[in-house]
Amino acid sequence: MEGFYERVADAGYEYGPSFRGLRAAWRAGDEIFGEVELPDEAEDDADRFGIHPALLDAALHPVVLLNGGSAEDVAGIRLPFAWADVALFAVGARVVRVRVSPVGEDAVSVVLADAAGS
């Protein structure tokens, strides 16, 4: 992930420190997996939200890797436009694992799990 956020900024999407939570990413077939963590300064606020906005935003960053193919190629950045079938089963997460799977030409499935697997 070294240099990932700098390359994303060079492509026109600059994230502040609170939103740079993607710590690791790996590919398995067509899916991208990631580990996302709230920065220290945001951890105290985690219980105020169903899911902290910075954690949710960073959990979407593996989509860049789906589109670009690698951490070095971030040219095809796409941002979420519409949501469907959203459900929340646990609150207050500070660290999550995320799975991003393509489900159509312009659609992905995003599944997050906290440390307890919820």
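A. Geometry of unusual backbone geometry. Phi at Asp85 is positive, roughly 55°, even though this residue is not glycine. Position of Asp85 among the secondary structure elements: in the loop between α4 (62-68) and β3 (95-104).

B. Examining the sheet that holds strand β2 (residues 31-37) more closely. Strands sit in the order β1-β2-β3-β4 across an open sheet of four strands; the sheet is antiparallel. Here the strands that pair on one side only, and so sit at the sheet edges, are β1 (22-28) and β4 (107-114). Taking each pair of neighbouring strands and ignoring which way they run, the sheet shows an average axis angle of 20°.

C. Highlighting the layout of surface pockets. One number sums up the size of the largest pocket: a volume of about 1200 Å³. If you trace the largest pocket, you find 41 residues lining it, with Leu60, Trp83, Ser109, Val110 and Val111 closest to the centre. Only α3 (53-59), α4, β3 and β4 provide two or more residues apiece to the lining of the largest pocket. Among the elements that line the lining of the largest pocket, the one with the most residues is β4, at eight residues. Across the lining of the largest pocket, the residue classes tally to 29 nonpolar, six polar and six charged.

D. Structural context of the environment of Arg23. The residue Arg23 is located in strand β1 in this model. For the pair Arg23 and Phe4, spaced 19 residues apart in the sequence, the C-alpha separation amounts to 9.9 Å. Every residue in contact with Arg23, bar those within four places of it in the chain, is listed here: Met1, Glu35 and Glu37. Of note is the side chain of Arg23, whose polar atom sits 2.7 Å from the backbone oxygen of Arg20.

E. Fine view of the environment of Glu2. Looking at the element boundaries, Glu2 is found in the segment before α1 (4-10). For the pair Glu2 and Ala24, spaced 22 residues apart in sequence, the C-alpha separation works out to 9.4 Å.

F. Structural view of the pattern of salt bridges. Counting across every chain of the model gives six salt bridges. Its salt-bridge partner being Arg99, residue Glu31 comes within 3.6 Å of it at the nearest N-O pair. With a gap of 68 residues between them, Glu31 in strand β2 and Arg99 in strand β3 connect regions that are remote in the sequence. The class for Arg99 is partly exposed, based on a relative accessible area of 32%. Here Asp45 and Arg48 are joined by a salt bridge, their closest N and O atoms 3.6 Å apart. Asp45 gets classed as partly exposed once you look at its relative accessible area, which sits at 28%.

Rules of the game
- Residues numbered from 1 in each chain as written.
- Predicted model: local features only at pLDDT ≥ 70, side-chain atom pairs only at ≥ 80, totals over all residues.
- Heavy atoms only, no water.
- Helix = DSSP H or I, 4+ residues; strand = E, 2+ residues; numbered from the N terminus.
- Pairing = 2+ DSSP bridges.
- Axes fitted to C-alpha atoms, helices over the stretch in contact; angles between N-to-C directions.
- 1 Å grid on protein atoms, 1.4 Å probe; cavity = no way out; pocket = protein on both sides within 12 Å on 5 of 7 lines; lining within 4 Å.
- Points joined across faces, edges and corners; volume = space filled by probe spheres on them.
- Nonpolar A, V, L, I, M, F, W, Y, C, P; charged D, E, K, R; others polar.
- Contact = heavy atoms within 4.5 Å.
- Polar contact = N/O pair within 3.5 Å; in protein donor to acceptor, adjacent residues only side chain to side chain.
- Salt bridge = Lys/Arg side-chain N within 4 Å of Asp/Glu carboxyl O.
- Buried < 20%, exposed > 50% of the residue type's maximum accessible area, 1.4 Å probe, protein only.

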